[in-house]
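Chain and residue survey
Each chain is listed here by its residues.
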Amino acid sequence: MPTKVGARCWALLLVLCGAIFLEGVDISMMGVALPAIRADLGLSTAALQWVVSGYVLGYGGFVLLGGRAADLLGRRRMFIGWLGVFIAFSGLGGLATEGWMLILARFATGVAAAFLAPAGLSIITTTFPEGAARDRAVLVYAGAAAGGFSLGMVVGGLLTSVDWRWVFFAPVVMASLLLAAALPLVPRDVPAAGGRARFDVPGTLALTGAMLLLVVAVVHLPEVAAWVTAATLAGSAALFAAFVAVQRRSPAPLMRLGILRSRPLLRANIGAFLLVAGFMGFQFVAVLYLQELRGWSEIETGLALAVIGIDAVIAPTLTPRLVARYGNQRVIAVGLVLVALAFAWFLPLGMTWSFLTLLPGLLAIGFGFALAYGPLTIAATDDVDAEEQGLASGILTTSFQFGSALGLAVTTAVVVAAAGSGTTLDSYRAGLLVPVAALVIASLVTVAGLRRRGSAAPVEELARAH
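Residues numbered from 1 in each chain as written. Predicted model: local features only at pLDDT ≥ 70, side-chain atom pairs only at ≥ 80, totals over all residues. Heavy atoms only, no water.

Another point: the packing of aromatic side chains. Overall, the coordinates contain 13 aromatic pairs when judged by the stated rule. Aromatic pair Tyr 55 and Tyr 59: ring centres 5.8 Å apart, planes at 80°, arrangement edge-to-face. Here Tyr 59 and Tyr 55 lie together in helix H2 (residues 45-73), a separation of 4 residues that amounts to about one turn. A single burial state applies to Tyr 55 and to Tyr 59, both of which are buried. Through a chain of ring-to-ring contacts, the aromatic side chains of Phe 279, Phe 369, Tyr 373 and Phe 400 assemble into a single cluster. (Phe/Tyr/Trp six-rings, centres within 6.5 Å; stacked < 30°, edge-to-face > 60°. Helix = DSSP H or I, 4+ residues; strand = E, 2+ residues; numbered from the N terminus. Buried < 20%, exposed > 50% of the residue type's maximum accessible area, 1.4 Å probe, protein only.)

Evaluation of the coordinates by the stated rule reveals 4 salt bridges. Between Arg 106 and Asp 26 there is a salt bridge, and its shortest N-O distance comes to 2.9 Å. Of the two residues, Arg 106 sits in helix H4 (residues 99-127) while Asp 26 sits in helix H1 (residues 7-41), which places them 80 residues apart along the sequence. The exposure classification of Arg 106 matches that of Asp 26, with both residues buried. (Salt bridge = Lys/Arg side-chain N within 4 Å of Asp/Glu carboxyl O.)

Note on placement: Gln 329 falls in helix H12 (residues 328-345). Along the primary structure Gln 329 and Tyr 141 are separated by 188 residues, whereas in three dimensions their C-alpha atoms are 19 Å apart.

Our next topic: the side chain of Thr 412. Within the secondary structure layout, Thr 412 lies in helix H14 (residues 389-419). Classification of Thr 412 by relative accessible area gives buried; the value is 1%. At 2.7 Å, the side chain of Thr 412 forms a polar contact with the backbone oxygen of Leu 408. (Polar contact = N/O pair within 3.5 Å; in protein donor to acceptor, adjacent residues only side chain to side chain.)

Here Gln 291 shows up in helix H9 (residues 263-293). Those residues within four positions of Gln 291 in sequence are excluded, and the remaining contacts are Val 32, Pro 35, Trp 296, Ser 297, Glu 298 and Thr 301. (Contact = heavy atoms within 4.5 Å.)

Moving on, we come to the nonpolar core. Counting 142 residues, the largest nonpolar core has Phe 79, Leu 275, Phe 282 and Phe 346 as its most contacted members. With 19 residues, H1 is the largest single contributor of residues to this core. (Core = buried A, V, L, I, M, F, W, Y, C linked by side-chain atoms within 4.5 Å.)

A word on helix H3 (residues 75-94). For H3, built from 20 residues, the straight-helix expectation of 28 Å at 1.5 Å per residue is met to within 8% by its first-to-last C-alpha distance of 29 Å. Restricting attention to buried positions, one finds in H3 the residues Arg 75, Arg 76, Met 78, Phe 79, Ile 80, Leu 83, Phe 86, Ile 87, Ser 90, Gly 91, Gly 93 and Gly 94. (Expected span 1.5 Å × (residues − 1).)

Taking 1.5 Å of rise per residue, the 18 residues of H12 would be expected to cover 26 Å, and the 26 Å separating its terminal C-alpha atoms lies within 8% of that figure. The set of residues buried in H12 consists of Asn 328, Gln 329, Val 331, Ile 332, Ala 333, Gly 335, Leu 336, Val 339, Ala 340, Ala 342 and Phe 343.

Following the criterion strictly, the structure yields 0 disulfides and no others. As a non-bridged cysteine, Cys 9 has Cys 17 as the owner of its nearest cysteine sulfur, 13 Å distant. Exposure remark for Cys 9: the relative accessible area of 15% places this residue in the buried category. (Disulfide = S-S within 2.5 Å.)

Further remarks concern the environment of Ala 268. Here Ala 268 shows up in helix H9. Counting along the chain gives 181 residues from Ala 268 to Gly 449, while the straight-line C-alpha distance between them is 9.9 Å. Not counting the four nearest positions on each side in its chain, Ala 268 is found in contact with Leu 376, Ala 379 and Ala 380.

Moving on, we come to the packing of H1 against H9. Where H1 meets H9, the closest approach of the two axes is 10 Å, and the angle between their N-to-C directions is 40°. Considering the relative orientation of H1 and H9, their crossing is right-handed. In this structure, H1 contributes Ile 27, Ser 28, Gly 31, Val 32, Leu 34, Pro 35 and Arg 38 to the contact, and H9 contributes Met 280, Gln 283, Phe 284, Val 287, Leu 288, Gln 291 and Glu 292. Looking at the contact of H1 with H9, its residues break down into 8 nonpolar, 4 polar and 2 charged. (Axes fitted to C-alpha atoms, helices over the stretch in contact; angles between N-to-C directions. Left-handed = near helix turned anticlockwise from the far one by under 90°. Nonpolar A, V, L, I, M, F, W, Y, C, P; charged D, E, K, R; others polar.)

The next subject is the environment of Leu 341. Tracing the chain through its elements places Leu 341 in helix H12. In this structure, the C-alpha to C-alpha distance between Leu 341 and Ala 364, residues 23 residues apart in sequence, is 8.0 Å.

To continue, consider the packing of H1 against H4. At their nearest, the axes of H1 and H4 sit 10 Å apart, and the two run at 160° to each other. Taken together, the axes of H1 and H4 are roughly antiparallel relative to one another. Crossing angle aside, the handedness with which H1 passes H4 is left-handed. On the side of H1, the interface is formed by Cys 9, Leu 12, Leu 13, Leu 16, Glu 23, Asp 26, Ile 27, Met 30, Ile 37 and Leu 41, while H4 contributes Gly 99, Leu 102, Arg 106, Thr 109, Ala 113, Leu 116, Ala 117, Gly 120, Ile 123, Ile 124 and Thr 127. Here the residues of the contact of H1 with H4 are counted per class, giving 14 nonpolar, 4 polar and 3 charged. (Parallel < 35°, antiparallel > 145°, perpendicular 65-115°, else oblique.)

Laid out in structure tokens, this is it:
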């Protein structure tokens with residue numbers, strides 16, 4: 001691992017940030033484009049969420065395998081190869097003429113991202129030396145991801161106003177430019193497997209199937225018989241149990257279960273899961289409220305929600321200073337509490353709310369997201385051996401993506417159920433309870449971790465003294 005960070009490393013970081021920015025943009029652009037896609041392809045509300053969930057399930061279901069592949073087959077090979085696959089299927093999504101075609105293309109694009117993302121993060125954590133340089137690089141990288149999520153809403157609004165298919169074609173252009181830049185910059189690495197890699201395909205299929213059944217059960221909860229939901233949930237639980245059993249017995253497990261003994265890693269992943277779950281649920285409700293209930297255009301919606309993009313400025317500038325002064329966990333806790341309060345701001349949502357009424361909550365979301373997202377990334381990959389950086393990155397990305405899918409599914413189910421017994425506005429207010437609850441739980445978990453660390457500090461100091 002190099003001890004000095006030169007210009008080439010920072011140029012590499014720029015390319016990797018471009019890739020993760022693209023992934024964030026790719027997800028959030030869909031949110032703004034959903035009403036136009038629904039109108040063109042005739043999708044129901046429940047089917048509409050699968051345009052987003054199909055992507056995040058492919059992403060979350062295969063990202064652990066992607067992380068393992070980066071460790072065993074080489075980070076450069078995975079990053080460059082799967083960036084090409086991402087380009088191909090994103091282009092195919094723009095050509096879809098039926099809902100199922102679009103969802104299938106989104107799933108395949110998500111699988112490509114599942115191999116691409118952990119390779120990119122592990123390239124950073126193995127290129128930059130541990131300490132201030134790596135923390136700075138990771139925070140810049142996380143800021144690019146967060147900026148992609150928020151700025152993608154503006155880009156999505158602009159592109160959808162022309163034609164929603166450009167939401168798929170534009171990433172093809174950007175990814176092609178990134179691929180050209182990556183070829184000379186991404187360093188060659190020696191695969192840990194030495195050409196004899198073994199992969200846990202049964203574990204991958206069990207995990208993906210378990211997540212898929214869980215999301216299906218939640219989405220269709222309001223419209224199917226109770227026994228169908230119970231059977232689907234039982235199937236999901238059985239597949240999760242099968243995944244754990246396979247990991248214990250496999251000679252080359254997808255996830256070494258011992259890594260989960262790290263409490264900081266677990267807390268970081270729980271926080272990441274709930275943060276993104278809340279954000280995706282909020283975005284879904286906000287877009288439908290502004291476009292379908294209030295009649296705002298795609299551009300107006302994108303520009304309004306672009307306020308959240310303040311995180312792209314705060315994350316690489318203010319957040320590193322706060323982390324250096326107050327520590328990772330305190331900054332995470334403040335960020336999560338701030339996002340929880342911001343989501344609560346929207347609970348009394350009204351038909352006459354102006355942009356100025358929305359503004360304080362949107363700014364607070366952007367500020368809190370910037371404080372929490374990057375430090376969570378550091379916490380989830382810190383103190384992890386180099387040969388398991390891909391695994392740690394994969395676990396974190398699984399939390400982000402499964403959180404996206406489940407948060408969106410729960411919010412959709414609540415909105416659909418509430419729509420049957422009240423007005424559309426009432427159903428949106430009910431849906432907003434999901435993001436609030438998610439962030440309250442995330443805040444409590446993080447604060448509990450702070451107290452545990454505080455009580456353990458004297459014991460650790462005594463041990464070091466002896």
